[in-house]
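A closer look at the structure
Take a look at the letters that make up each chain.
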Amino acid sequence: MDILTINDRPGTYPDSFYKATAALPEPAPQAKGDIRADVCVVGGGFTGLSAALHLRRAGLDVVLLDASRLGFGASGRNGGQVNTGQRVEQLALEKMVGLGKAKELWHVGLDSVELVRDLVRDSGEDCQIVPGILHADHRARFADETRHYVDHLRETYGYDQISYLDRGAIRAEIGSEDYHAGSLDMGSFHLHPLRYALALAKLAREAGVRIFENSRMLDYTPGSPVQVRTEQAVIRADHLLLGLNGYHNNIAGPLARRVMPINNFIAVTEPLGEARARSLIANDYAVGDSRFVINYYRLSRDHRMIFGGGESYGYRFPRDLAGKVRGPMAEVFPQLRDARIDYAWGGTLGITMSRLPHFERIEGNILSASGFSGHGVAMGSLAGKMMAEAVAGQAGRFDMMAELPTAPFPGGPMLRSPLLVAAMLWYALRDKL
């Protein structure tokens with residue numbers, strides 16, 4: 001199984017709403033011949049582009065390789081939510097790593113959101129930033145837990161940009177009877193993810209990063225320098241940084257054991273008109289709900305519903321992507337049951353057992369950051385900067401993240417998929433109870 005080709009044609013962006021509403025640059029050249037650099041970065045998504053940009057700003061000679069097009073993978077296909085914190089909520093983090101480390105991770109999360117803002121501003125590009133993300137509880141019994149969590153963030157972490165929403169308040173924000181309570185985080189925001197990836201690419205190019213597309217890494221040989229081989233090139237570099245997330249294709253053993261690729265799907269409706277769109281999401285916030293198989297959605301600038309959801313138990317995308325998403329969308333919004341779907345696509349992300357990101361020094365001069373578990377717009381961007389800091393001799397933040405618990409999946413790459421099927425079936429059933 002080849003994650004890069006099983007569902008996609010490399011060199012071609014998926015037919016997504018994001019592709020249709022972004023200005024795609026001409027392809028960068030393929031890597032050819034013998035190439036020397038201080039650092040070779042593999043992966044042209046948020047992590048790799050951020051790493052390359054920050055390395056170049058530090059004065060290093062940087063080559064970036066992408067197997068397809070920049071932003072082709074999860075970075076150009078996701079829900080566009082830029083969330084504070086980590087994928088794991090702070091109360092759970094406190095149990096995992098203690099209050100002190102949990103507070104450090106909270107501030108890392110805040111830094112990641114601000115970094116995205118800063119990079120968008122630096123680029124001068126319109127990435128369609130809109131403030132506010134709602135968490136919506138699909139069970140009444142979750143309301144007290146959400147209220148307690150909001151109070152905890154305000155009192156223990158001093159975070160005053162989040163507020164609790166009772167039943168009336170959440171239904172004033174979301175035109176659905178599916179939800180019973182929730183919270184609103186005004187320190188978070190949403191954006192157009194492919195535009196953001198391309199804005200990072202613009203910054204990297206302007207800084208002098210040598211970018212090569214359609215240049216898949218076939219293998220690498222550790223050493224000093226490390227050697228990276230593509231079909232037509234050999235790159236020799238003092239450091240190798242991997243920003244592969246769910247598209248790692250088992251290229252490195254540590255990634256294969258600890259980061260599992262899974263698929264998710266998004267559908268985009270026809271333009272609904274402003275009044276109808278506002279009856280669904282009154283104030284243009286993005287939404288993520290409390291299901292384990294999470295629904296996440298927001299409105300586009302032209303008043304479409306961009307809805308992500310639907311579980312998948314294999315690596316091949318289902319034939320009817322629109323139908324895959326229409327079910328959960330209609331469960332939340334029965335009034336969209338007959339809405340025309342103009343775009344539907346799938347993508348692959350990387351998850352870890354703990355849902356915390358996986359940072360690893362694979363060799364002394366080979367670093368990797370991945371496994372963002374659906375939290376990658378902000379954390380992937382900061383992970384790239386952290387890897388760049390480590391190469392430049394300031395490894396404190398990278399090493400702190402590398403100490404987080406990300407246990408290997410039981411059974412390794414051969415058994416992780418059957419175990420995922422069993423787990424997802426159980427949690428999908430639990431969501432319905």
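As shown above, the structure is provided for reference.
Criteria and cut-off values
- Here the residue index of a chain counts from 1 through its sequence in written order.
- Side-chain atom pairs in this predicted model are given and counted only at pLDDT of 80 or more, local residue features only at pLDDT of at least 70, and totals for whole chains, interfaces and linings cover all residues.
- Excluding hydrogens and water, the side-chain figures rest on all heavy atoms present in the structure.
- Each helix corresponds to a stretch of at least 4 residues labelled H or I by DSSP, and each strand to a stretch of at least 2 residues labelled E; elements are numbered beginning at the N terminus.
- The globule rule used here is 2.2 Å times the number of residues to the 0.38 power, and the radius of gyration it is set against is calculated over C-alpha atoms.
- Accessibility here uses a 1.4 Å probe with only protein chains present; expressed as a share of the type maximum, an area under 20% marks a residue as buried, one over 50% as exposed, and anything in between as partly exposed.
- The contact criterion used throughout is that any non-hydrogen atoms of two residues lie within 4.5 Å.
- The term polar contact refers here to a pair of N or O atoms within 3.5 Å; inside protein, the definition further demands a hydrogen-donor-capable atom paired with an acceptor-capable atom, and it admits residues adjacent in sequence only when both atoms are side-chain atoms.
- Here a helix's expected span is defined as the number of its residues, less one, multiplied by 1.5 Å.
- The charge count treats Lys and Arg as positive and Asp and Glu as negative. His and the chain ends do not count.
- When a carboxyl oxygen of Asp or Glu lies within 4 Å of a side-chain nitrogen of Lys or Arg, that pair is called a salt bridge.
- What is meant by a nonpolar core is a set of buried Ala, Val, Leu, Ile, Met, Phe, Trp, Tyr and Cys residues, joined one to another through side-chain atoms within 4.5 Å.
- In this analysis, strands are considered paired if DSSP registers two or more bridges between them.
- Note on handedness: a clockwise path from strand one over the helix to strand two, with the strands aimed away from the viewer, defines a right-handed crossover.

**Focus on the overall build of the chain**
- Along the backbone of the chain there are 13 helices and 17 strands.
- Relative to a compact globule of 433 residues, whose C-alpha radius of gyration would be 22 Å, the chain shows 21 Å and is just as compact.
- Structurally, the chain occupies a C-alpha span of about 60 × 45 × 45 Å along its principal axes.
- Counting the 433 residues in the chain, one finds 57% classified as buried.
- Here the analysis covers contacts within the chain between residues at least 6 apart in sequence; of these, 76% occur between residues at least 24 apart.

**Digging into the side chain of H138**
- Turning to its location among the elements, H138 is positioned in the loop between β4 (130-137) and α5 (143-156).
- Of the residues examined, H138 reaches a relative accessible area of 2% and is grouped as buried.
- A polar contact is formed between the side chain of H138 and the side chain of S290, at a distance of 2.6 Å.

**Points about helix α7 (residues 193-207)**
- The end-to-end C-alpha separation of α7 is 21 Å, in line with the 21 Å expected for 15 residues at 1.5 Å each.
- Listed in full, the buried residues belonging to α7 are P193, L194, Y196, A197, L198, A199, L200, A201, L203 and A204.
- Buried residues belonging to α7 abut α1 (17-20), α2 (46-57), α4 (99-123), β7 (210-212), β13 (296-299) and α11 (376-391).

**Some remarks on the side chain of D137**
- Checked against the element boundaries, D137 lands in strand β4.
- In this structure D137 is buried but unpaired, with R147 as the nearest side chain of opposite charge at 9.5 Å.
- One polar contact links D137 to H135, side chain to side chain, over a distance of 2.8 Å.
- If near-sequence neighbours (up to four positions away) are discounted, D137 is found in contact with F142, A143, T146, D178, Y179, H180, A181, G182 and S290.

**Things to note about the nonpolar core**
- Counting 75 residues, the largest nonpolar core has Y196, L241 and M401 as its most contacted members.
- Per element, the largest residue contribution to this core is ten residues, and it comes from α11.
- Formed by 28 residues, the second largest nonpolar core is a distinct cluster that contains A136, L184, I281 and V332.

**Some words on the pairing of strand β12 (residues 286-289)**
- The alternating pattern of β12 places A286 and G288 and V287 and D289 on opposite faces, both of which are buried.
- Two strands pair when backbone bridges link them, and β4 and β12 are joined in this way by four bridges, in the parallel orientation. The partner of L134 across the bridge, within β12, is V287.
- Sheet topology note: the β12/β13 ladder contains two bridges and is antiparallel. Paired with V287 across the bridge in β13 is Y297.
- Counting the residues in the hairpin turn of β12 and β13 gives six residues.

**Quick look at the environment of R278**
- Tracing the backbone through its elements, the reader meets R278 in helix α9 (residues 274-280).
- Residue classification places R278 among the partly exposed positions, given a relative accessible area of 29%.
- Expressed as a C-alpha distance, the spacing of R278 and H303, which sit 25 residues apart in the sequence, is 8.3 Å.
- The contact partners of R278, leaving out residues within four places of it in the chain, are N283, D284, L299 and H303.

**Brief notes about the pattern of salt bridges**
- A complete count under the given rule lists 27 salt bridges for this structure.
- With a shortest N-O distance of 3.1 Å, K19 and D15 are connected by a salt bridge.
- The partner of R195 in a salt bridge is D126, and the shortest N-O contact between them spans 3.8 Å. Separated by 69 residues along the polypeptide, R195 in helix α7 and D126 in the loop between α4 and β4 bring together distant segments of the chain.
- According to the relative accessible area criterion, R195 is partly exposed, its value standing at 25%.

**Some remarks on α5**
- When the terminal C-alpha atoms of α5 are compared, their 20 Å separation across 14 residues agrees well with the 20 Å that a helix rising 1.5 Å per residue should span.
- The complete set of buried residues in α5 reads A143, T146, Y149, V150, H152 and L153.
- Where α5 is buried, its residues meet α3 (90-97), α4, β4, β5 (162-165) and β6 (181-190).
- A positive backbone phi angle near 65 degrees is found at G158, which sits one or two residues after α5.

**Let's talk about the pairing of strand β2 (residues 62-65)**
- Alternating residues of β2 divide into V62 and L64 and V63 and L65, and every residue in both groups is buried.
- Here four bridges tie strand β1 (residues 33-42) to β2, and the two strands are oriented parallel to one another. Along β2, the bridge assignment pairs C40 with V63.
- The parallel pair β1 and β2, bridged by α2, forms a crossover whose chirality is right-handed.
- Relative to β7, β2 is paired through three bridges, and the arrangement is parallel. Counterpart to V63 in the pairing with β7 is R210.

Note that every value here comes from positions in space, so none of it alone points to a role or purpose.
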